[in-house]
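For reference, the chains in residue letters:
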Amino acid sequence: MRLLLIEDDDRIAGPLTEGLGRYGFTVDHVRTGAAGLAGTAGSPDLVLLDLGLPDMDGLDVCRGLRAGSAVPIIMITARGDEADRIVGLELGADDYLAKPFGVRELVARIRAVTRRTSGALPFPAPAQPAGVAQSPAAQTLGALEISRRTRQVHLKGTEIPLTPREFDLLAYLAEDPGTVYSRQQIMDTVWDPHFFGPTKTLDAHVAALRRKLGDPAWVTTARGVGFRLTTPAAEAHE
Ligand code: CA
């Protein structure tokens, strides 16, 4: 899989290119927005886009990429500004990751975005086939709809307000419903790579998710292992 990395800071791009290489990704690295826009001519499978670039605003690069291509885009940003992220997602980025982050977390995001967008249709997307949720990035599980693009969760059509971490936890478990994710896997991906220490915060977030989703059966405990996302029986028949 070929990635186009648009990042001016070599201290970030260097280790990232090397780290991604260990996971089997080929990385083409460019340092400016203009080179990034030109770089899509090489038909990358996914673009990693830094927002703080020397020659143009990363959001404009995102807009430019999206104008001519359906290539998946993950924004990587040191900007803490929530508004930038939301604008980026509205401009068509598929996900974002705030610096600092671990390679493992980035790889998890790349895989998730690729899974969502694989079989993606040529841009612009034609009409949705019947039975597919309106947002191309939305995932439907029973009465639950998860839109990673807008980071919104709806249950029976009603938006469920989740904290960013609760959303990340739900989205991660939803990557493969029914699969048990170990506590360590969840901590590594949703919190920090190589997280170690007490994982009580995970239980607190699971409890919050269960409460907000109104049915503890959404998140099942695999005793001594971890958690999995399941569609409660009551929902499955609706
Ligand atoms: Ca930068």
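Analysis parameters
Residues numbered from 1 in each chain as written. Predicted model: local features only at pLDDT ≥ 70, side-chain atom pairs only at ≥ 80, totals over all residues. Heavy atoms only, no water. Pairing = 2+ DSSP bridges. Helix = DSSP H or I, 4+ residues; strand = E, 2+ residues; numbered from the N terminus. Contact = heavy atoms within 4.5 Å. Axes fitted to C-alpha atoms, helices over the stretch in contact; angles between N-to-C directions. 1 Å grid on protein atoms, 1.4 Å probe; cavity = no way out; pocket = protein on both sides within 12 Å on 5 of 7 lines; lining within 4 Å. Points joined across faces, edges and corners; volume = space filled by probe spheres on them. Nonpolar A, V, L, I, M, F, W, Y, C, P; charged D, E, K, R; others polar. Domains from an automatic or database assignment. Donors = N, O, S within 2.8 Å, 3.2 Å for Na, K, Ca; no water. Buried < 20%, exposed > 50% of the residue type's maximum accessible area, 1.4 Å probe, protein only.

> Just checking my understanding: could you explain the sheet that holds strand E12 (residues 226-229) for this structure?
For sheets, the rule is that strands pair by backbone hydrogen bonds, running either parallel or antiparallel. Pairing is antiparallel across the open sheet formed by three strands, whose spatial order is E10-E12-E11. Here the strands that pair on one side only, and so sit at the sheet edges, are strand E10 (181-182) and strand E11 (219-222). Packed onto the sheet, helix H8 (residues 200-213) meets E11 and E12 and runs at close to 145° relative to E11.

> What is the right way to look at empty space enclosed by the protein in this model?
Where empty space is left can be seen by rolling a probe of water-molecule size over the atoms. Across all of its chains, the model carries one cavity of 30 Å³ or more by this definition. In this structure, the largest cavity is lined by 15 residues; those nearest its centre are Asp95, Arg109, Asp168, Ala171 and Glu175. Elements with a contribution of two residues or more to the lining of the largest cavity: helix H5 (103-117), helix H6 (164-173) and helix H7 (183-190). Of the residues that constitute the lining of the largest cavity, the class distribution is six nonpolar, one polar and eight charged. Here the lining of the largest cavity spans two domains, since at least three of its residues come from each of domain 1 (2-117) and domain 2 (133-236).

> Is there a simple way to think about the coordination of the calcium ion in this case?
Under perfect tetrahedral coordination by four donors, a metal shows angles of 109.5 degrees; under perfect octahedral coordination by six donors, it shows angles of 90 or 180 degrees. Taken together, Asp8 (OD), Asp50 (OD) and Gly52 (O) make up the full set of protein donors to the calcium ion, lying 2.2 to 2.3 Å away. What makes Asp8 partly exposed here is its relative accessible area of 31%.

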